[in-house]
Amino acid sequence: DDTRHRQFTEEVQLTGNAQHLDWATGAFYYDAFDSNRGFDSLYPGFIYQNDTHVEQTTRNWAVFGQGTYHVDDKLSFTAGTRYTHDEKDATITITSFTGVVGLDHQYVPLTASNVDYTLSADYRWTEDFMTYLKYSTGFKGGGFSPRPANGLQTAPFHPEKLKTLELGAKTEFMNRRVRVNGDVFFEHYLDQQTFSQQLDSSGANWFREVNAGKAKIWGLEGELQAEPIDHLRLDGSFGYMNYDLYDN
């Protein structure tokens, strides 16, 4: 088995401030090549003798910008946006020496673009107590399941998207010897990506990644850091998540 990976990534940022506004903007670029070649001939008669060669190229670029406006010492608003363009293509070659499977240089492209954004507000009630509310969206590109056994198993899975809302608080007490943070969040996935064990239409076994459908998640998180006396530190955290998946 021969596996190779090469990647190049670069990000540039420009940040600044103008009176009450802090801002940042920039661009991101990612380019990668992956190759896997395996020759199954260890147990002739039990394992089909296949020469499988899969190559994938990935190109992803994005531009983004975000600004935080401080109304006063207590109240701030933040807004940001990001445009992402994602390209993947795979070339799969499967040569069988038993005549059971054959796939000659199948090329599969996949392209997607998306605009994401974030909006948030935070209010500092005192020097040691701050609350915030944040809404944002997310995007994860599609792709291809690994090691296809035939031409039916080269079907790509598509991007997933996320919308999330979070409400939280950050606090400090006792001259900053105690820190307590907590939040509650709600998330809504569209075309969520997950792995599934299936049979393709020819009846061959297929462990693939699929777009399972929509999912709703809500949960609670909390963390505690305390130093009640010198040289003694206590840390604790908890989390609860409720997950519900349903078909498109």
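See the structure shown above.
Calculation rules
Residues numbered from 1 in each chain as written. Predicted model: local features only at pLDDT ≥ 70, side-chain atom pairs only at ≥ 80, totals over all residues. Heavy atoms only, no water. Helix = DSSP H or I, 4+ residues; strand = E, 2+ residues; numbered from the N terminus. Areas by Shrake-Rupley, 256 points an atom, 1.4 Å probe, with all protein chains shown as cover. Lys, Arg positive; Asp, Glu negative; His and termini not counted. Charge placed at Lys NZ, Arg CZ, Asp CG, Glu CD. Salt bridge = Lys/Arg side-chain N within 4 Å of Asp/Glu carboxyl O. Pairing = 2+ DSSP bridges. Core = buried A, V, L, I, M, F, W, Y, C linked by side-chain atoms within 4.5 Å. Buried < 20%, exposed > 50% of the residue type's maximum accessible area, 1.4 Å probe, protein only. 1 Å grid on protein atoms, 1.4 Å probe; cavity = no way out; pocket = protein on both sides within 12 Å on 5 of 7 lines; lining within 4 Å. Points joined across faces, edges and corners; volume = space filled by probe spheres on them. Nonpolar A, V, L, I, M, F, W, Y, C, P; charged D, E, K, R; others polar.

### Focus on the overall build of the protein chain
Secondary structure assignment for the protein chain yields zero helices and ten strands. A principal-axis box enclosing the C-alpha atoms of the protein chain has dimensions of 75 × 40 × 40 Å. Carbon and sulfur atoms provide 56% of the accessible area of the protein chain, an area that totals close to 15600 Å². Looking at the protein chain, you have 21 positive and 35 negative side-chain charges, and the mean spots of the two groups are 2 Å apart.

### Observations regarding the pattern of salt bridges
Any two side chains of opposite charge can pair if their charged atoms end up close together. Overall, the coordinates contain ten salt bridges when judged by the stated rule. Among the salt bridges present, the one from Glu172 reaches Arg176, with a minimum N-O distance of 3.3 Å.

### Looking at the pairing of strand E7 (residues 160-173)
Two elements, strand E6 (residues 129-140) and E7, share twelve bridges in a ladder whose sense is antiparallel. Bridging from a neighbouring strand, Lys140 pairs with Glu160 of E7. Pairing geometry for E7 and strand E8 (residues 178-199), over 13 bridges, is antiparallel. Among the inter-strand pairings, Leu162 is bridged to a residue of E8, identified as Tyr189. Taken together, E7 and the strand that follows it, E8, pair antiparallel across an intervening segment of four residues, in which Met174 is found at a positive phi of about 50 degrees.

### Side note on the nonpolar core
By size, the foremost hydrophobic cluster in this structure holds seven residues: Val54, Ala90, Ile92, Ile94, Val108, Leu110 and Phe144. When residues of this core are assigned to their parent elements, the largest contribution, three residues, is made by strand E4 (residues 75-96). Grouped together as the second largest cluster of nonpolar side chains are five residues, Phe185, Tyr189, Ala215 and Ile217 included.

### Quick word on the layout of surface pockets
Computed from the structure, the largest pocket encloses a volume of approximately 350 Å³. Taken together, 20 residues line the largest pocket, and the ones lying closest to its centre are Asp34, Val54, Gln56, Phe144 and Pro146. For the lining of the largest pocket, the elements supplying multiple residues, two or more each, are strand E2 (21-40), strand E3 (50-70) and E4. No other element matches E3, which puts five residues into the lining of the largest pocket. Counted by class, the lining of the largest pocket contains seven nonpolar, eight polar and five charged residues.

### Focus: the pairing of E8
Here E8 runs beside strand E9 (residues 205-229); their pairing, made up of 20 bridges, is antiparallel. Pairing of His188 across the sheet is with Lys216, part of E9. Between E8 and E9, which pair antiparallel and follow one another directly, the connecting turn spans five residues, one of which, Gly203, has a positive phi of 95 degrees.

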